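Residues per chain, in single letters:
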Amino acid sequence: MSIEMNRRTFVTTAAAGIFAAGAAAGVTGCSNSSGSDSTASDGAETEESSQAPVEIAETVECDIVIVGGGITGLAAAVQAGENGSNTILVERGDDVGGNGQGVEGTFAINSSLQKEQGIELELKDIIRSELEGSQWRSDGLLWKDFIMASADNFAWLVDNGVQFSGVVESYGTPHGAPTFHWFEGGKGSIAYVPAMSARADELGVTKMLKTVAKDLISEDGVVKGVYVENADGEVIAIQSKAVILASGGFADDNELVSKIGYKEDNLIQIGVPGNEGFGYKSAMKLGAWDTLKWATFNTNNIILALPHEVPIDPINGCVGMGQGGPFLWINQDGERFVDENLAAANFELQTVPHWNHKMTYTVFDSKIFADWTVSKDIETAEAVDILNASLETNEGDSFWSGETIEEVAEKAGLPVEAVKATVDYYNESCDLGSDRDFGKDVAMMQKIATPPFYIGRITAEILMTVGGIGTNRKFEVVTEDGDPIPGLYAIGTDGNMLYRNIYTIDVPGSCSASGIHGGRVAANEAKKYYEG
């Protein structure tokens, strides 16, 4: 079977080893300041830490504690180690890496590779493109800081052993700039995570694996550490001079994700588990600026009944029903509501129009599906077999077929006459060569006329969220008034402030690169902070 994933269709595609287990849990190099039977009253409990556990097995001390060992947390750990900060990296997984294992590369402008290849880019063009993409709501200074540091950050990664393939391009985005630097092997699990993890070890960074952050330690508004729980269920108080949140966002918390716009009962999570919003929730307890309404995401439209074990399954995902293309989208009333091909320029747009409706569906026929499989180098006969098998199992009661539009609409529980009228009108538009309602690219308009006909209910498949915690240029967590919460920093998908609602992707690789940048800046600023 020739079904293959198109790696250009998602920034963080699933890697074979994305769930792989690593080294066993261990804690070394910590300064133990109290016995194993100490309690919170032994200096760990404070007025503002109402969640302080009754019993603490151990208290350890360090300069900086980093919560989360993904691509961003590792960058912070290595920079902190280079600075000579006594650093503890807390990671809930069996090993470090997180969603960073599936990241394929990163952004830079005027890097050594770009110079070797004669690629010249203007800072002003990149920044303007992004600010326009966010309707000028993003902070231009954040973009300027990040972009101006990107060449140095790239060189720093190389110096620390991260390997790049040498390919620099626009990641296949129609309007994108050639800023994407591919990792060797196209995976962070190959080129980034092992190198940065080993470098952190060399620099004496302590890793606490299989360890879950439970609550921040604070006193009089100053953050002074974090309570964690290890694999044995023991609570450890890590007393530190600064805390850097790099806990991976809140994709696994449906209630929080629904506040962006998604329907809570129409979500499934993929990717590395455990992104439950510790960073966001703990920062909010201390009065942080809540920017959840601006958070963005990596998501995918799918039909739940079709294969969806990995992001962008070739028979599902954003290359077909997700991005729309020649497929027709309707809502619960049987009405079409958007140009289905809107995500051709930016796949992150694919889920947004669905927020406005109670439920949405994709409609297509056998010819549309056959033509689409051919365009994606997928064997049509085997793809049809997968469709038929999915109809039999019909996970989530989400996929139906019939010999007429009326039959399949009735099976889907949709208003039959309304669906028929919508399809007839759409087919007339195809004959006219013009989308009379939404201006869809004529090349993507194809009549729905060849049985069998199919309808699938669209579900949002979420991989990661980006943002939610308000930060400044130093990656300090700030209140709504812009005042820093002393000792607290947020980076990566916890504290990214570059985007407002949509990851624009015309500057491909900016999300991973901004996490790396934030890790370095936060580690440097934390050292300045605790040294006074």
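Residues numbered from 1 in each chain as written. Predicted model: local features only at pLDDT ≥ 70, side-chain atom pairs only at ≥ 80, totals over all residues. Heavy atoms only, no water.

Q: Teacher, can you tell me more about the environment of glutamine 117 here?
A: Of note, glutamine 117 is situated in the loop between α2 (112-116) and α3 (123-133). The partly exposed category is assigned to glutamine 117, whose relative accessible area is 39%. Separated by 49 residues in the primary sequence, glutamine 117 and glycine 166 have C-alpha atoms spaced 9.4 Å apart. With residues up to four places along the chain from it excluded, the contact list for glutamine 117 reads Gly166 and Val168. (Helix = DSSP H or I, 4+ residues; strand = E, 2+ residues; numbered from the N terminus. Buried < 20%, exposed > 50% of the residue type's maximum accessible area, 1.4 Å probe, protein only. Contact = heavy atoms within 4.5 Å.)

Q: Just to check I follow, could you spell out a negative patch on the surface for this structure?
A: Taken together, Asp290, Glu480, Asp481 and Asp483 make up a surface patch of like negative charges. Residue position: aspartate 483 is located in the loop between β17 (476-478) and β18 (484-490). With relative accessibility at 44%, the residue aspartate 483 sits in the partly exposed group. (Patch = residues over 30% accessible without salt bridge, like charges linked within 9 Å, V, L, I, M, F, W, Y side chains within 5 Å. Areas by Shrake-Rupley, 256 points an atom, 1.4 Å probe, with all protein chains shown as cover. Salt bridge = Lys/Arg side-chain N within 4 Å of Asp/Glu carboxyl O. Lys, Arg positive; Asp, Glu negative; His and termini not counted. Charge placed at Lys NZ, Arg CZ, Asp CG, Glu CD.)

Q: Mind showing me how you'd approach the side chain of threonine 299 here?
A: Tracing the backbone shows threonine 299 in strand β12 (residues 296-303). Polar contacts involving the side chain of threonine 299 include one to the side chain of tyrosine 262, which spans 2.8 Å. In this structure the side chain of threonine 299 is engaged in a polar contact, spanning 3.2 Å, whose partner is the side chain of threonine 351. (Polar contact = N/O pair within 3.5 Å; in protein donor to acceptor, adjacent residues only side chain to side chain.)

Q: Would you take a moment to explain helix α4 (residues 140-159) for this structure?
A: Given 3.6 residues per helical turn, the α-helix brings residues three or four places apart onto the same face. Look at α4: 29 Å from first C-alpha to last across 20 residues, which is about the 28 Å you get at 1.5 Å a residue. Inspection of α4 places Leu142, Trp143, Phe146, Ile147, Ala149, Ser150, Asn153, Phe154, Trp156 and Leu157 among the buried residues, and these make up the whole buried set. Between the side-chain oxygen of the N-cap and the backbone nitrogen of leucine 141 there are 2.9 Å, and the N-cap of α4 in question is aspartate 139. Looking at the residues trailing α4, positive phi occurs at glycine 161, about 95°. (Expected span 1.5 Å × (residues − 1).)

Q: Explanation requested: the packing of α4 against helix α15 (residues 510-531) in the structure shown.
A: Two packed helices can be described by the angle between their axes and the distance between those axes. At a closest axis distance of 9 Å, the pairing of α4 and α15 adopts a crossing angle of 85°. Accordingly, the angle class assigned to the pair α4 and α15 is roughly perpendicular. Residues Trp143, Asp145, Phe146, Ala149, Asp152, Asn153, Trp156 and Leu157 of α4 form the contact with α15, whose own contacting residues are Ser510, Ala513, Ser514, Ile516, His517 and Arg520. By residue class, the composition of the contact of α4 with α15 is 7 nonpolar, 4 polar and 3 charged. (Axes fitted to C-alpha atoms, helices over the stretch in contact; angles between N-to-C directions. Parallel < 35°, antiparallel > 145°, perpendicular 65-115°, else oblique. Nonpolar A, V, L, I, M, F, W, Y, C, P; charged D, E, K, R; others polar.)

Q: Would you explain the sheet that holds strand β5 (residues 164-169) in this entry?
A: Strand pairing in a sheet is mediated by backbone hydrogen bonds. Such pairs are either parallel or antiparallel. Spatially, the 3 strands line up as an open sheet ordered β4-β6-β5, and their pairing is antiparallel. Strands at the two margins of the open sheet, each flanked by one partner only, are β4 (105-107) and β5. Neighbour-to-neighbour, the strand axes of the sheet open up by a mean angle of 25°, direction not taken into account. Across 3 bridges, β5 lies against strand β6 (residues 180-183) in antiparallel orientation. Along β6, the bridge assignment pairs glutamate 169 with phenylalanine 180. (Pairing = 2+ DSSP bridges.)

Q: Whenever I open this one, the nonpolar core confuses me. Can you help?
A: Soluble globular proteins: nonpolar side chains tend toward being buried together. Counting residues in hydrophobic clusters, the biggest one holds 66 residues, and the most contacted among them are Tyr192 and Met196. If one sorts the elements of this core by residue count, α15 sits on top with 8 residues. Excluding its chain neighbours within four sequence positions, the residues that come into contact with tyrosine 192 are Ile71, Leu74, Ala75, Leu157, Val162, Phe183, Lys187 and Ile516. Counting 38 residues, the second largest nonpolar core, distinct from the first, contains Cys62, Val90, Ala460 and Ile469. (Core = buried A, V, L, I, M, F, W, Y, C linked by side-chain atoms within 4.5 Å.)

Q: Teacher, can you tell me more about the environment of methionine 148 here?
A: If you trace the backbone, methionine 148 turns up in helix α4. Residue classification places methionine 148 among the exposed residues on the basis of a relative accessible area of 56%. Along the primary structure methionine 148 and isoleucine 109 are separated by 39 residues, whereas in three dimensions their C-alpha atoms are 7.8 Å apart.

Q: Sorry if this is basic, but what is going on with helix α11 (residues 380-393) here?
A: Relative to the 20 Å expected for 14 residues at 1.5 Å per residue, α11 spans 20 Å between its end C-alpha atoms, a close match to the ideal helical length. By the burial criterion, the buried members of α11 are Ala383, Leu387 and Ser390. Buried residues of α11 fall within an arc of 65° about the axis and therefore sit on the same side. Relative to its buried face, α11 has exposed residues pointing more than 90 degrees away, namely Ala381, Glu392 and Thr393. Looking at the buried side of α11, the elements it contacts are β14 (360-365), α10 (366-375), β15 (399-402) and β16 (453-466). Once α11 ends, the next one or two residues include asparagine 394, with phi positive near 45°. (Arc of directions from axis to C-beta.)

Q: What is the right way to look at the packing of helix α1 (residues 71-82) against helix α6 (residues 193-202) in this model?
A: One way to put it is that α1 packs onto α6 with a least axis distance of 9 Å and a crossing angle of 30°. Here α1 is positioned roughly parallel relative to α6, judged by the angle of their axes. Along this stretch, α1 crosses α6, giving a crossing that reads as left-handed. In this structure, α1 uses Leu74, Ala75, Val78 and Glu82 to contact α6, whose residues at the interface are Val193, Met196, Ser197, Arg199 and Ala200. Of the residues assigned to the contact of α1 with α6, the class counts are 6 nonpolar, 1 polar and 2 charged. (Left-handed = near helix turned anticlockwise from the far one by under 90°.)

Q: Looking at this structure, I do not really get the pattern of salt bridges. What am I missing?
A: Between side chains of opposite charge, a pair can form when the charged atoms approach closely. One pass over the full model with this rule turns up 22 salt bridges. When the shortest N-O distance is used, the salt bridge between aspartate 253 and lysine 281 registers 2.8 Å. One end of the pair, aspartate 253, is in the loop between β10 (235-245) and α7 (254-258); the other, lysine 281, is in helix α8 (residues 278-285), with 28 residues separating them in the sequence. Since its relative accessible area comes to 15%, aspartate 253 is described here as buried. Judged by its relative accessible area of 36%, lysine 281 falls in the partly exposed class. Residues participating in the shared-partner salt-bridge network are Arg336, Glu340, Asp435 and Lys440.

Q: Would you take a moment to explain the pairing of β15 for this structure?
A: Residues in a regular strand project their side chains so that they alternate between the two faces of the sheet. The alternating pattern of β15 places Phe399 and Ser401 and Trp400 and Gly402 on opposite faces, both of which are buried. Bridge count for β15 against β16 is 4 bridges, and the pairing is antiparallel. From the neighbouring strand, tryptophan 400 faces β16, where its bridge partner is isoleucine 455.

Bear in mind that shape data such as this cannot, by itself, settle questions of function.
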